[in-house]
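# Descriptive structure summary
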Amino acid sequence: MTPAARLSAAIEILDDVLVGENAERVLTTWARGHRYAGSKDRAAIRDLVFDAIRCMRSYAWLGGAGERPSGRQLILGALRAAGTDPDTLFCTDRFAPRPLHEGERALPAPLSSAPRGVRLDCPDWLLPLYDATLGADADAALELLRHRSEVFLRVNPRKATLDTAREALHKDDIDAVPHPLCDTALKVTRNARAVARSQAYLTGLVEIQDVGSQAILDVLPLEPGQSVLDYCAGGGGKALAIGARMDVKLTAHDIDPARMQDIAPRASRAGIDIALARTSELAKAYDLILCDVPCSGSGAFSRSPQGKWALTENRLSHLVQIQADILDEVAPRVRPGGHLAYATCSLFKVENDDQVAKFAARHPEFSLRMSRHVSPLEGGDGFFIAVFQRAVVL
Ligand SMILES: C[S@@+](CC[C@H](N)C(=O)[O-])C[C@H]1O[C@@H](n2cnc3c(N)ncnc32)[C@H](O)[C@@H]1O
């Protein structure tokens, strides 16, 4: 496909995304209907689509749109943001987006004169929430969240060291460097798209996991032989990381067991045992329970940018209630003297410190031992973790 034809495809896909369709699903459907598009085309179109979602407000501004842009306006804005002359691609070539009309040619005011939420590609109502946590760092963090995230790997210490994992990756033409935030983390610096096909990945030397997600687990009070429950396990990212670090008796649980379907193959690749349990199968008490709760995702909007625009005040309140309910549900299953860890990929106080303070007030049998905020400025997604200990004598 020509670069202009890729733009036409991205415009078509974005038009579906803009009426509320899930971007991943639209991209998959599009690829099925356009078999002539090769893997490089699909990757380029995907990048165009996700960049436009991340930068929706600034591209809409530069594309001359209001708050409800079209796919065409977003792609026009993307070209202007990149300093590309749109006339070279919106042209009469076959499969190219049609040439610009007079109205579209009018240049917008510079982005530097746009309101803060437009410049930072953030819904206005979320700005004070970021400010409350990040203060003077808020703009720099939001700037990072409007760009594509890096690809990070977690080295599995059961199978490799950082060096042997890097060597194995190198054989598949992938370069990666250690990251200071966590001593299991590698940042991929070249050929990230090849990771999922590489021997290092297929044989369990490395897993794909954000560095912030790895770093928060450093604070878990893990001891060999403990019983550990990952209560909101999803695809098992955290459970796998725990099992790779320590010989523990690990159980994964999720309200939606279907979400755990990848855990068995991932655990087998990594050489780790993880039992999967339904709620009725959970034990009465665990030494450590991790609740990696559903959240706004406000620390990870560079990875999942649709969430940024879909979030509403009602949805956020609902999530905060779900998080509190999950903590109340698991609290009785922490053995006396055991630990309860609460984690989010959010940067909002209402989901983090406020949630933790309210739990402590409702459950005087738990004491907060520590909490850790990971900012996007540290290199990965934004995360939060708090660790409580249950009193020995109740
Ligand atoms: C943030 S995701 C977990 C990500 C996962 N821990 C990882 O690292 O890959 C949150 C998970 O919580 C699950 N969940 C939502 N409500 C729940 C509940 N009441 N009890 C248990 N799990 C729940 C969701 O299905 C979702 O898979």
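Under an unreviewed UniProt entry, the chain has the name Fmu (Sun) domain-containing protein and belongs to Celeribacter baekdonensis B30.

### Focus on the sheet that holds strand β9 (residues 334-344)
Here 7 strands make up an open sheet; going across it, the order is β7-β6-β5-β8-β9-β11-β10 and the pairing mixed. Of all strands in the sheet, those with a lone pairing partner are β7 (275-277) and β10 (366-374), marking the two edges. Adjacent strand axes in the sheet meet at a mean angle of 20° when their direction is disregarded. In this structure, strand β5 (residues 227-230) lies alongside strand β8 (residues 286-292), joined through 3 bridges in parallel fashion. For Leu 229, the partnering residue across the bridge sits in β8 and is Ile 289. Lying on the sheet, helix α16 (residues 313-330) is in contact with β8 and β9; it crosses β8 at an angle near 170°.

### What about the nonpolar core?
Ranked by size, the top nonpolar core spans 80 residues in total, and within it Leu 186, Ile 289, Cys 291, Ala 341, Tyr 342, Ala 343 and Ile 385 carry the most contacts. For this core, the element with the highest residue contribution is strand β11 (residues 383-390), accounting for 6 residues. In this structure, this core is formed jointly by two domains, domain 2 (152-209) and domain 3 (213-390), each of which donates at least three residues. Residues within four places of Leu 186 in sequence aside, it is in contact with Phe 152, Leu 153, Val 155, Leu 162, Ala 165, Arg 166, Ala 176, Val 177, Pro 178, His 179 and Val 206. Within the second largest apolar cluster, 28 residues are counted, among which are Ala 9, Leu 14, Ile 45 and Leu 74.

### Quick notes on the site of the ligand
Taken together, 16 residues lie around the ligand, and Cys 232, Gly 234, Gly 237, Ile 255 and Asp 292 are the ones closest in. Contributing elements (two or more residues each) for the shell around the ligand: α13 (237-245) and α16. Taken together, the residues of the shell around the ligand break down into 7 nonpolar, 4 polar and 5 charged.

### Looking at the sheet that holds strand β3 (residues 185-190)
Within a sheet, each strand pairs with its neighbour through backbone hydrogen bonds, oriented either parallel or antiparallel. Read from one edge to the other, the open sheet built from 4 strands follows the order β2-β3-β1-β4, with strand pairing classed as antiparallel. Each end of this open sheet is capped by a strand with a single partner; those strands are β2 (175-178) and β4 (206-208). Between one strand axis and the next, the sheet turns by 40° as a mean value, whatever way the strands run. Pairing geometry for strand β1 (residues 152-155) and β4, over 3 bridges, is antiparallel. Within β4, the residue paired with Arg 154 across the bridge is Glu 207. The sheet strands contacting helix α10 (residues 162-171) are β1, β2, β3 and β4, and the helix crosses β2 at an angle near 165°.

### Some thoughts on the pairing of β3
In this sheet, β3 lies alongside β1 in antiparallel orientation, the contact comprising 3 bridges. Each bridged residue has a counterpart across the sheet, and for Arg 154 the counterpart in β3 is Ala 185. As paired strands, β2 and β3 are joined by 4 bridges and run antiparallel to one another. For Pro 178, the partnering residue across the bridge sits in β3 and is Leu 186. Taking the residues that link successive antiparallel strands as the turn, the β2-β3 hairpin has 6 residues.

### Remarks on helix α14 (residues 263-270)
Among the residues making up α14, those that are buried are Ile 263, Ala 267 and Ala 270. Along the long axis of α14, the arc covered by the buried residues comes to 65°, so they all point the same way. With respect to the buried face of α14, the exposed residues turned more than 90 degrees away are Pro 265 and Ser 268. On its buried face, α14 sits against β4, α13, β6 (249-253) and β7. Downstream of α14 by one or two residues, Gly 271 has phi in the positive range, about 75°.

### Regarding the packing of α16 against helix α17 (residues 353-362)
Orientation of α16 relative to α17, taken along the N-to-C sense of each, is 40°, at an axis distance of 11 Å. By the criterion of interaxial angle, the relationship of α16 to α17 is oblique. Seen from above, α16 lies across α17 with right-handed handedness. Listed contacts from α17 to Val 320, Gln 323, Ala 324 and Leu 327 of α16 are Gln 355, Lys 358 and Phe 359. Looking at the contact of α16 with α17 residue by residue, the class counts come to 4 nonpolar, 2 polar and 1 charged.

Scoring rules and cut-offs
- Residues numbered from 1 in each chain as written.
- Predicted model: local features only at pLDDT ≥ 70, side-chain atom pairs only at ≥ 80, totals over all residues.
- Pairing = 2+ DSSP bridges.
- Helix = DSSP H or I, 4+ residues; strand = E, 2+ residues; numbered from the N terminus.
- Axes fitted to C-alpha atoms, helices over the stretch in contact; angles between N-to-C directions.
- Contact = placed C-beta atoms within 7 Å.
- Core = buried A, V, L, I, M, F, W, Y, C linked by C-beta atoms within 7 Å.
- Buried ≥ 20, exposed ≤ 12 C-beta atoms within 10 Å, placed from the backbone.
- Domains from an automatic or database assignment.
- Near = placed C-beta within 6 Å.
- Nonpolar A, V, L, I, M, F, W, Y, C, P; charged D, E, K, R; others polar.
- Arc of directions from axis to C-beta.
- Parallel < 35°, antiparallel > 145°, perpendicular 65-115°, else oblique.
- Left-handed = near helix turned anticlockwise from the far one by under 90°.

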